[in-house]
Amino acid sequence: MSEQAVFSIVVPVYQNELNLNHSIPTLLQLGQRLPGYELDLVFVDDGSTDLSYNILLKWQEAHTEQITVVKLTRNFGQNPAIREGLKVVRGDCVGIISADMQDPPEIFLEMIERWERGAKLVVAERESREERTFGSFVSNMYWRMVSRYAIPGLPKGGFDYCLFDRQIRDDLVNLAEKNSPIFPLVFWLGYDHAVIPYRRRIRTNGKSQWTLSKKIKITVDTFISFTYLPVRFVTILGLIASILSVLYAMVVFIRWLGWGIAVPGWATIVMLISMFGGMILFSLGIVGEYLWRILDEARCRPGAVVDSIRRGRH
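The numbers attached to residues start from 1 for each chain and follow its sequence in the written order. Residue-level local features of this predicted model are given only where pLDDT is at least 70; pairs of side-chain atoms are given and counted only at 80 or more, and the full residue set underlies all totals for whole chains, interfaces and linings. Derived side-chain values reflect all non-hydrogen atoms in the structure, with water molecules and hydrogen atoms excluded from consideration.

Asks: Break down the packing of helix H1 (residues 17-32) against helix H2 (residues 52-62) for me, citing the residues and quoting the values.
Replies: Every axis corresponds to a line fitted to the C-alpha atoms, with the helix fit spanning only the stretch in contact, and the corresponding angles, defined between N-to-C directions, vary from 0 to 180 degrees. Where helices and strands are cited, they refer to DSSP runs of H or I of at least four residues and of E of at least two residues respectively, numbered from the N terminus. Viewed as axis vectors pointing N to C, H1 and H2 meet at an angle of 25°, and their least axial separation amounts to 9 Å. In terms of axis orientation, H1 runs roughly parallel to H2. Both H1 and H2 take part in a crossing whose hand is right-handed. On H2, the residues touching Glu17, Leu20, Asn21, Ile24, Pro25 and Leu28 of H1 are Ser52, Ile55, Leu56, Lys58 and Trp59. Across the contact of H1 with H2, the residue classes break down as 7 nonpolar, 2 polar and 2 charged. Working definition: roughly parallel below 35 degrees, roughly antiparallel above 145 degrees, roughly perpendicular at 65 to 115 degrees, and oblique for all remaining angles. By the definition used in this description, the sense in which the near helix is turned from the far one sets the handedness, with an anticlockwise turn below a right angle giving left-handed and a clockwise turn giving right-handed. Contacts are residue-level and defined by heavy atoms, with any inter-residue pair within 4.5 Å sufficient. The classification used treats Ala, Val, Leu, Ile, Met, Phe, Trp, Tyr, Cys and Pro as nonpolar, Asp, Glu, Lys and Arg as charged, and all other residues, Gly among them, as polar.

Right under this line is the structure:
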């Protein structure tokens, strides 16, 4: 058994055929810059339909001692893919990075230094971005909302690039929450952490699979998983509607009592019915989101299904 500490990196892969032949050797070079560590790279193919899996197998056959490839049966999403990768890592510390290399891998060197000094969690906070897109704006808004309303103290720039201790890895594997986004969950655990700001690079190859619909889904999942804000909003909305209804009824009654003015006509009634009907449906939608997640957890289905694992010869 090796006396060296093991540094594992989990890389979720989905439609990344244009990036992998650059990102894999870049990550392998980290091993040369960490002489006191054994590098353990775990790539999780999240149901890619391009050549990503074939490229992963090629590199795994050439570097069997360092690379493990996990293949999922279909596309389950980034969070389930990362969770399956965490189940097979061997590291004393574990890093997570995207396959597109927009996050500079060399920051892992500084992360390990912080971990060696006692930080159980080291996050790379996106201080700025080279690209300026609508998607970037949405991501920034998401993280600011999560930091303010869901998980106080979370870096406002957000993170999906981090390193953490084996103890945190064990906690994440043992948590059975399928719908909780993993990066807010890592921070929610409450371990001592360090923050390293960095500038995210512009994408040079391929197209981001992080679509607007996925961003909306993760926003809903985060607020339902980490805060009572949606349900509290429904309560406040109902209270405001009740107060307005009583005030309106009082106005109508006073006008009728004092001046004999009849109740306003159908236009006002239609407006009120439409307004309250919309509020009711919106409230039911929020409650339905909670009920769906309760059902999903109660069925105890796995977050992802693993087709095969190609492990290195350690």
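Asks: Could you give an account of the packing of aromatic side chains, with specific residues and numbers?
Replies: Two aromatic rings, drawn from Phe, Tyr or Trp (for Trp, its six-membered ring), form a pair once their centres lie within 6.5 Å of each other, and the interplanar angle then sorts them: stacked below 30 degrees, edge-to-face above 60, tilted otherwise. If you walk through the whole model with that rule in mind, you get 5 aromatic pairs. The interplanar angle of 90° and the centroid separation of 5.0 Å between the aromatic rings of Phe108 and Tyr161 together place this pair among those described as edge-to-face. Of this pair, Phe108 sits in helix H4 (residues 107-116) while Tyr161 sits in the loop between helix H5 (134-150) and strand E6 (162-165), placing them 53 residues apart in sequence. Exposure categories follow from relative accessible area, calculated using a 1.4 Å probe and restricted to protein chains: below 20% of the type maximum is buried, above 50% is exposed, and the middle band is partly exposed. For Phe108, a relative accessible area of 0% translates into the label buried. Centroid distance Phe159 to Phe183: 5.9 Å. Interplanar angle 75°. Geometry classified as edge-to-face.

Asks: How would you summarise the nonpolar core if you had to cite specific residues and measurements?
Replies: Residues belong to a common nonpolar core when they are buried Ala, Val, Leu, Ile, Met, Phe, Trp, Tyr or Cys residues joined through side-chain atoms within 4.5 Å. Counting 39 residues, the largest nonpolar core has Phe7, Ile9, Leu27, Phe43, Phe108 and Met111 as its most contacted members. The element that contributes the greatest number of residues to this core is H4, accounting for 6 residues. Here Ile9 is in contact with Leu27, Leu30, Leu39, Asp40, Leu41, Val42, Gly95, Ile97 and Phe108, once residues within four sequence places are set aside. One finds Val10, Val88, Leu121 and Phe223 within the second-largest nonpolar core, a separate group that totals 35 residues.

Asks: I'd like to hear about the side chain of Ser23, residue by residue, with values.
Replies: Residue position: Ser23 is located in helix H1. The contacts of Ser23, once residues within four sequence positions are left out, are Ala99 and Met101.

Asks: Which residues make up the pattern of salt bridges, and what values do they have?
Replies: When a carboxyl oxygen of Asp or Glu is within 4 Å of a side-chain nitrogen of Lys or Arg, the pair counts as a salt bridge. Tallied over the full model, the rule gives 10 salt bridges. When the shortest N-O distance is used, the salt bridge between Glu110 and Arg114 registers 3.3 Å. Of the two residues, Glu110 and Arg114 both sit in helix H4, 4 residues apart, roughly one turn of that helix. One salt-bridge network, held together by shared partners, links Glu38, Asp40 and Arg90.

Asks: Residue-level account of H4, with values.
Replies: Looking only at H4, the buried set comprises Ile107, Phe108, Leu109, Met111, Ile112 and Trp115. Positive backbone phi, at 115°, marks Gly118, one or two positions downstream of H4.

Asks: Explain H1 to me, and be specific about the residues and the numbers.
Replies: At 3.6 residues per turn, the α-helix brings residues three or four places apart onto the same side. The angle between axes fitted to the seven residues ending at a residue and the seven residues starting there is what we call the bend at that residue. At Ser23, H1 shows its maximal kink, close to 25°; a proline, Pro25, follows between one and four residues later. Within the sequence span of H1, burial applies to Asn19, Leu20, Ser23, Ile24, Thr26, Leu27, Leu28 and Leu30. Along its buried surface, H1 packs onto strand E1 (5-13), strand E2 (37-45), H2, strand E3 (67-72) and H4.

Asks: Give a detailed account of the confidence of the model for the protein, specifying residues and quantitative values.
Replies: When the pLDDT values of the protein are averaged, the result is 84; 88% of them are 70 or greater. pLDDT measures the predictor's confidence residue by residue and takes values from 0 up to 100. At the level of individual helices and strands, the protein shows its lowest average pLDDT in H5, which scores 72, and its highest in E3, which scores 97.

Asks: How would you sum up the side chain of Asp160? Please name residues and give values.
Replies: For Asp160, the position within the fold is in the loop between H5 and E6. We classify Asp160 as buried; its relative accessible area is 14%. By the criterion applied in these results, polar contacts are pairs of N or O atoms within 3.5 Å in which, for protein atoms, one can donate a hydrogen and the other can accept it, and in which residues neighboring in sequence qualify only through two side-chain atoms. Of note is the side chain of Asp160, whose polar atom sits 2.9 Å from the side chain of Arg126.

Asks: Now, about the pairing of E2: what can you tell me, with residues and values included?
Replies: Among the 9 residues in E2, 9 count as buried, and that is most of the element. We call two strands paired when DSSP finds no fewer than two bridges between them. Strand direction decides the pairing type here: E1 and E2, joined by 9 bridges, are parallel. Across the sheet, Pro12 pairs through a bridge with Val44, a residue of E2. Read from E1 through H1 to E2, the crossover connection turns out right-handed. Bridge analysis of E2 against E3 gives 5 bridges, and the strand direction is parallel. Following the sheet pairing, Val42 is matched in E3 by Thr68. Orienting the strands away from the viewer, one traces the path from the first strand over the helix to the second; a clockwise path indicates a right-handed crossover.

Asks: Give me the lowdown on the packing of helix H3 (residues 78-88) against helix H6 (residues 166-174), citing residues and values where you can.
Replies: Running from N to C, H3 and H6 cross one another at 125°; their axes reach a closest spacing of 10 Å. On the basis of their axis angle, the class for H3 and H6 is oblique. Crossing of H3 over H6 shows left-handed handedness. Here Arg83, Leu86 and Lys87 of H3 come into contact with H6, specifically with Arg169, Leu172 and Val173. For the contact of H3 with H6, the residue count by class is 3 nonpolar, no polar and 3 charged.

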